[in-house]
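A closer look at the structure
So the chains spell out like this:
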Amino acid sequence: MKRAITLAGGGPAAGLHIGMLHRLAEAGIKFQEGEGDVWALSCIGAWVGLVYNQCDPGKEVEQTYNFFKDHVFRDDESYERFPINTVFGPDWFSNTRALMRFLSKPENYKNVWLPDRMMDSVQATMSMLSDRDKWFKWDEGDINQWILNHVMAPNPFVRYLTSLMYLSEVNGLSRIYYPDSVFMKGIKFERLFEDKKPFIYHNAWNLSTQKLDLFSNEKGDGYKDISSASLCACSALPFIEGTVEIDGDTYCEGALVDTVNFQRLLEDHKDLDEIWVNRVVDAKQVRKPENLHDSLGNLCELFAATVGEDDVKLFKYHVKEEKKWKGTIVEIQVPTNINFKWSHENLDRGRAAGYKAADEAYKEYMKKTNGEKNRTGAVRFINEKDKDKDEKRLIAQPPRRRAATTAEKKKKIDA
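Residues numbered from 1 in each chain as written. Predicted model: local features only at pLDDT ≥ 70, side-chain atom pairs only at ≥ 80, totals over all residues. Heavy atoms only, no water.

1. As for the side chain of E253
Cut-off, in case you're wondering: Elements are defined by DSSP. Helices are runs of H or I of four residues or more, strands are runs of E of two residues or more, and each kind is numbered from the N terminus. When a residue's accessible area, from a 1.4 Å probe over protein chains only, is under 20% of the maximum for its type it is buried; when over 50% it is exposed; and in between it is partly exposed. Counted as positive: Lys and Arg. Counted as negative: Asp and Glu, with His and the chain ends omitted from the count. In the sections that follow, a salt bridge refers to a side-chain nitrogen of Lys or Arg positioned within 4 Å of a carboxyl oxygen of Asp or Glu.
Counting through the fold element by element, E253 comes out in the loop between β9 (249-252) and α12 (265-268). It is R279 that comes nearest to the buried, bridge-free E253 among opposite-charge side chains, at 14 Å.

2. Thoughts on the packing of aromatic side chains
Applicable threshold: Under the pairing criterion, centres of Phe, Tyr and Trp rings, with the six-membered ring standing for Trp, must be within 6.5 Å; the plane angle then separates stacked pairs below 30 degrees from edge-to-face pairs above 60, leaving the rest tilted.
Scanning the entire structure with this criterion turns up 17 aromatic pairs. On the numbers, 5.3 Å between centres and 80° between planes, the contact of F67 with F68 is edge-to-face. Just as F67 is buried, F68 falls in that class too. The structure contains a cluster of three or more aromatic residues connected by ring pairs, namely F31, W39, Y52, W276, Y362 and Y365.

3. Structural notes on the pairing of strand β1 (residues 3-7)
Heads up, the rule is: A pair of strands is treated as paired once DSSP finds two or more bridges between them.
Counting buried residues in β1 gives five out of five residues, a clear majority hidden from the surface. In β1, alternate side chains face the same way, and those of R3, I5 and L7 on one face and A4 and T6 on the other are all buried. Alignment of β1 against strand β10 (residues 274-278), held across five bridges, turns out to be parallel. Within β10, the position partnered with T6 by the bridge is V277. Direction of pairing for β1 relative to strand β2 (residues 38-41): parallel, over a ladder of four bridges.

Function cannot be inferred from these measures alone, as they are strictly geometric.
As structure tokens, then:
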């Protein structure tokens, strides 16, 4: 039986992947049966998949869990007042170099001092203060706009600091790619290229060529080689993480384009019997934000939820309509009882939820297939989302305009 597993992006939902792999491994479905099996990965799914496949045989689940617990997720007590994972740190050395370059360039001082704009703001402020009738008409929005446009924008010091923040040579809040760091060396990439390993590939978006590039553990297959650089590139979410340079090209996260990474899965692996899909992020996990931490999580994960769901729908549609592949697709439904915290508590919660979701999918799989190949002559879908209980995000449509009656039209013409 040749199987593929797709591990999608979803950041702090990594525990769902680990729990799912744990349950399926118990059932004897390990996706590690030599060259026939395939791992299609993106973003956090690539991190889980690569770490899992470089672990000691028979210890994959616990070693993968320990890697993320010890090196990525933060303990609950510390996270409570420092809500950042252990690897998304600022690049102090590069930031300092960018600061020095910015300060040393004469062109960066151009248009910092704008006397005419300063006078315009003074006049606007005096006009506002001299008209007492306006004092009680201004609300918070008016006052905030006045501060932005007539206090901050014309101030030379504020202008320079703002341009330093947004226009210096820093393109991410954090950096994760340090190839010689203890953290990166903790992943034994050379093990991924050993004989009898499954075919493993992940994506990353090439900003230089404007296309999705694929990286694999099989040399000479037309893909680029998996490396620490490619792994960091595949999760380099713009603004959150800095871009990664590989062979002269600049890369960022590929999950922005293909969250589940179905790219070339069936084109290059036509002999697959089964495809197991673990999407991990769902729009129902996105809740009302209480602070910037929650808002940042929503920003990162809402797109992954909707793009991932669309990826699965489109993939299933094409497989069904094209009628070229007649295997089995098993969906592991996305639990919604996790959050976007990089805490040990959320990692454990995700692992338990992923285990349960995989257990339900496996039972449905055995019920429908008894673990045998699909011989129906058509693609077979297992454990699909219940359409009657569809949790997809509903987009409210504006009410349709009521058509005017003949009498109303005549009355309007007469008027």
